[in-house]
Amino acid sequence: MKIIISEFMEEAEVDRLRQSFDVTYDATLVDDSKKLQSLLADADALIVRNRTQVTSELLQHAPALKALGRLGVGLDNIDLTACEQRGVKVLPAVGANAQAVAEYVITAMMLLVRGGFMASSAIGEGAWPRAALSNGGEIAGKVMGLVGFGGIGQLTAKLAQGLGMQVIAYDPAIDQTDTVWNSTNVEPRTLEALVSESDVISLHVPLLPSTNNMFDAALIGQMKPSAVLINTARGGIVNEAALANALKAKKIYGAALDVFVTEPLGNQSPLAGIPNLLLTPHIAGLTVESNQRVSKVTADRVADCLLKQ
Ligand code: NAD
């Protein structure tokens, strides 16, 4: 049986798949749609990350496809309806990069709230901005608001509680009576209540019509002026121009973005040169350890699926 891998995967796991399958691994396939389409003609499985767009049109080039491995969890690059109609099983690496994302959130939060770490070059050259950097905040006792309380949201809650934070969450799919609230010691809130109560807001929702542009100027305007916003979920959930305006006008204290509407950002981005804004290139889920876990879980799931056919 034939497997095509169109984006980066750990070599050790690719080699493990090669022991049982005919594997074509080429991380540049994501940028060569013609070659990918032709390789898919007799493929049984395709493995992607978040860049390969698995559209209904691409699936038409893959008539024998049975399994679609996703090296990660967000499924917004995959036409799930088309996969279902064609009987293609979608296999995300659920949970495998949650620790990496949750640790990223805590790191970004601490950097932003303490605010004393951005002057290393100046200090090395003799500056001594002690007065300017003496007013950082502490984490303990602050309120963390999680928008989306699934796998990553729940792990982030645990780490934040370990630092002495109170954690609240908004997730309309989880009933107020669900035992998860008691077992995690997290209190449910409406979105509006969460936004106005939180000192740190972290987003952990998929990109859907209901979450697209969720943090627009109106909702950002309801945040505390001292609060920070962290988006590791997907670009588009936060309105980038509205966030840039709020930071420039000091309507909120700071923000960290790992995901963007367009990746990489183009030279017209409203996010360029904005104060108190940390930007990273979609790496919240990527660590040495999580890359290994994600590749292993994906290889196992795809192999299981094909061997059960
Ligand atoms: P999950 O499916 O376990 O949890 C998502 C939660 O969001 C669910 O509980 C769901 O009920 C909730 N939700 C859905 N719509 C909502 C809405 N409108 N309002 C509030 N809550 C809503 O997913 P997860 O594993 O926690 O991952 C969350 C997202 O993080 C993924 O969809 C992915 O896009 C993103 N992610 C990013 C990276 C990265 O590297 N930046 C890595 C992993 C995941």
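Residues numbered from 1 in each chain as written. Predicted model: local features only at pLDDT ≥ 70, side-chain atom pairs only at ≥ 80, totals over all residues. Heavy atoms only, no water.

1. Things to note about the domain arrangement of the chain
- With domains assigned, the chain is organised as domain 1 (2-96 + 288-307) and domain 2 (98-279).
- Here domain 1 and domain 2 have C-alpha centroids that lie 31 Å from each other.
- The partner domain 2 presents 6 residues to the 8 residues of domain 1 that form the contact.
- When domain 1 packs against domain 2, close to 460 Å² is buried across both sides, 44% of that on carbon and sulfur atoms. (Domains from an automatic or database assignment. Contact = heavy atoms within 4.5 Å. Buried area = accessible area lost by both parts, 1.4 Å probe.)

2. Brief notes about the environment of Ala169
- With respect to the secondary-structure elements, Ala169 resides in strand S7 (residues 166-170).
- The sequence separation of Ala169 and Ala67 amounts to 102 residues, and the corresponding C-alpha distance is 34 Å.
- Setting aside its immediate chain neighbours within four residues, Ala169 contacts Leu146, Phe149, Trp181, Val186, Glu187, Pro188, Arg189 and Leu194. (Helix = DSSP H or I, 4+ residues; strand = E, 2+ residues; numbered from the N terminus.)

3. A few points about the sheet that holds strand S9 (residues 200-203)
- Strands sit in the order S8-S7-S6-S9-S10-S11-S12 across an open sheet of 7 strands; the sheet is parallel. Where the open sheet ends on each side, the last strands, each with one partner, are strand S8 (187-188) and strand S12 (277-279).
- Here 5 bridges tie strand S6 (residues 143-147) to S7, and the two strands are oriented parallel to one another. Each bridged residue has a counterpart across the sheet, and for Gly145 the counterpart in S7 is Ile168. (Pairing = 2+ DSSP bridges.)

4. Considering the sheet that holds strand S5 (residues 89-92)
- One open sheet accounts for 5 strands, arranged S2-S1-S3-S4-S5; its pairing is parallel. The sheet is open, and its two edges are formed by strand S2 (22-25) and S5, each paired on a single side. On average, adjacent strands in this sheet sit at an angle of 15° to one another, irrespective of strand direction.
- Note that strand S1 (residues 2-5) and S2 share 4 bridges and pair parallel. Paired with Lys2 across the strands is Asp22, a residue of S2.
- The sheet contacts of helix H1 (residues 11-18) involve S1, S2 and strand S3 (45-48), and relative to S2 the element is tilted by about 155°. (Axes fitted to C-alpha atoms, helices over the stretch in contact; angles between N-to-C directions.)

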